[in-house]
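# Remarks on the overall topology
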Amino acid sequence: FSAAISACEKGGQWEQAVSLMRDMQQQGLVPNVITYSAAISACEKGQQPEKALLLLEDMRRQGVVPDVIVFSAAISACEKGGQWE
């Protein structure tokens, strides 16, 4: 799943990346920090700061510890979406 979500991120397909995350979780799989990073980056590129922040919150609920790359992508999503305050 991580590779597919990363491909979506690179292709600017944020909706597909989020959908794959949902599918992954529905199958009982817990995304790791790399998976979340790719999905949040996809939302950043798609100028979807709300979705990026929801994924960050979900990440914390799942017990996955965000790293500097995840935080950077989330901050960038807010900046690109005009929600930097």
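In case you missed it, the structure is sitting above this.
Since the model is a prediction, treat every value here as computed from it, not as a measurement.

## Details of helix H5 (residues 68–80)
Compared with the 18 Å implied by 1.5 Å per residue over 13 residues, the 18 Å span of H5 between its first and last C-alpha is a close match. Of the residues making up H5, those classed as buried are Val70, Ala73, Ala74, Ser76, Ala77 and Cys78. Close packing links the buried residues of H5 with helix H3 (33–45) and helix H4 (49–61). Here H5 starts with a cap whose side-chain oxygen sits 3.1 Å from the backbone nitrogen of Ile69, and that cap is Asp67. At the exit of H5 stands Gly82, carrying a positive phi of roughly 75°.

## Concerning the layout of surface pockets
Here the largest pocket is characterised by a volume of approximately 190 Å³. When contributions to the lining of the largest pocket are tallied by element, the ones reaching two or more residues are helix H2 (14–26) and H4. If one sorts the elements of the lining of the largest pocket by residue count, H4 sits on top with five residues. Tallied by class, the residues present in the lining of the largest pocket amount to four nonpolar, one polar and four charged.

## Concerning the nonpolar core
Core analysis: the largest hydrophobic core is formed by 22 residues, its most contacted members being Ile5, Met21, Ile40, Cys43, Leu55, Leu56 and Met59. Counting only elements with at least two residues in this core, the list comes to helix H1 (2–10), H2, H3, H4 and H5. By residue number, the principal contributor to this core is H3, which donates six residues. Setting aside chain neighbours within four positions, we find Cys43 in contact with Trp14, Val18, Gln48, Lys51, Ala52 and Leu55.

## Some thoughts on the packing of H1 against H2
For the pair H1 and H2, the least separation of the axes is 8 Å and the interaxial angle reads 165°. Between H1 and H2, the crossing angle belongs to the class labelled roughly antiparallel. Between H1 and H2 lies a crossing of left-handed hand. In this structure, H1 uses Ala4, Ile5 and Cys8 to contact H2, whose residues at the interface are Gln16, Ala17, Leu20 and Met21. Residues belonging to the contact of H1 with H2 are distributed by class as follows: six nonpolar, one polar and no charged.

## Quick look at the pattern of salt bridges
For the structure shown, the criterion picks out five salt bridges. A salt bridge links Glu9 to Lys45; the shortest N-O distance between them is 2.5 Å. Note that Glu9 is positioned in helix H1 and Lys45 in helix H3, a separation of 36 residues in sequence. According to the relative accessible area criterion, Glu9 is buried, its value standing at 10%. Beyond isolated ion pairs, a larger network of salt bridges with shared partners links Glu9, Lys10 and Lys45.

Conventions and cut-offs
Sequence order sets the numbering: in each chain, residues are counted from 1 along the sequence as written. Where local features are concerned, this predicted model is filtered to residues with pLDDT of at least 70; where side-chain atom pairs are given and counted, the filter is 80 or more; whole-chain, interface and lining totals use all residues. Here the side-chain values reflect all heavy atoms present in the structure, with hydrogen atoms and water set aside. Under the scheme used here, helices are H or I runs from DSSP no shorter than 4 residues and strands are E runs no shorter than 2 residues, and both carry numbers assigned from the N terminus. What a helix should span is 1.5 Å times the count of its residues minus one. Each residue is assigned to one of three classes by its accessible area relative to the maximum for its type, calculated with a 1.4 Å probe on protein chains only: buried under 20%, partly exposed between the two thresholds, exposed over 50%. Contact definition: two residues touch when any of their heavy atoms are within 4.5 Å. In protein, a polar contact means a hydrogen-donor-capable atom and an acceptor-capable atom, both N or O and within 3.5 Å, with residues adjacent in sequence counting only if both atoms are side-chain atoms; elsewhere, any N or O pair within 3.5 Å suffices. Method remark: on a 1 Å grid restricted to protein atoms, a set of points is classed as a cavity if a 1.4 Å probe fits but cannot get out and as a pocket if it is open with protein on both sides within 12 Å along at least five of seven lines; lining residues have an atom within 4 Å of a point. Grid points are joined across faces, edges and corners, and a volume is the space filled by probe spheres set on the points. Under the scheme applied, nonpolar residues are Ala, Val, Leu, Ile, Met, Phe, Trp, Tyr, Cys and Pro; charged residues are Asp, Glu, Lys and Arg; polar residues are all the others, including Gly. Put simply, buried Ala, Val, Leu, Ile, Met, Phe, Trp, Tyr and Cys residues joined by side-chain atoms within 4.5 Å make one nonpolar core. Lines are fitted to the C-alpha atoms to define the axes, a helix being fitted only along its stretch in contact, and any angle between axes, read from their N-to-C directions, falls within 0 to 180 degrees. Orientation labels follow simple angle bins: below 35 degrees gives roughly parallel, above 145 gives roughly antiparallel, 65 to 115 gives roughly perpendicular, and whatever is left gives oblique. What makes a crossing left-handed is the near helix being turned counterclockwise from the far one by less than a right angle; a clockwise turn instead makes it right-handed. The salt bridge criterion pairs a side-chain nitrogen of Lys or Arg with a carboxyl oxygen of Asp or Glu, the two atoms within 4 Å.

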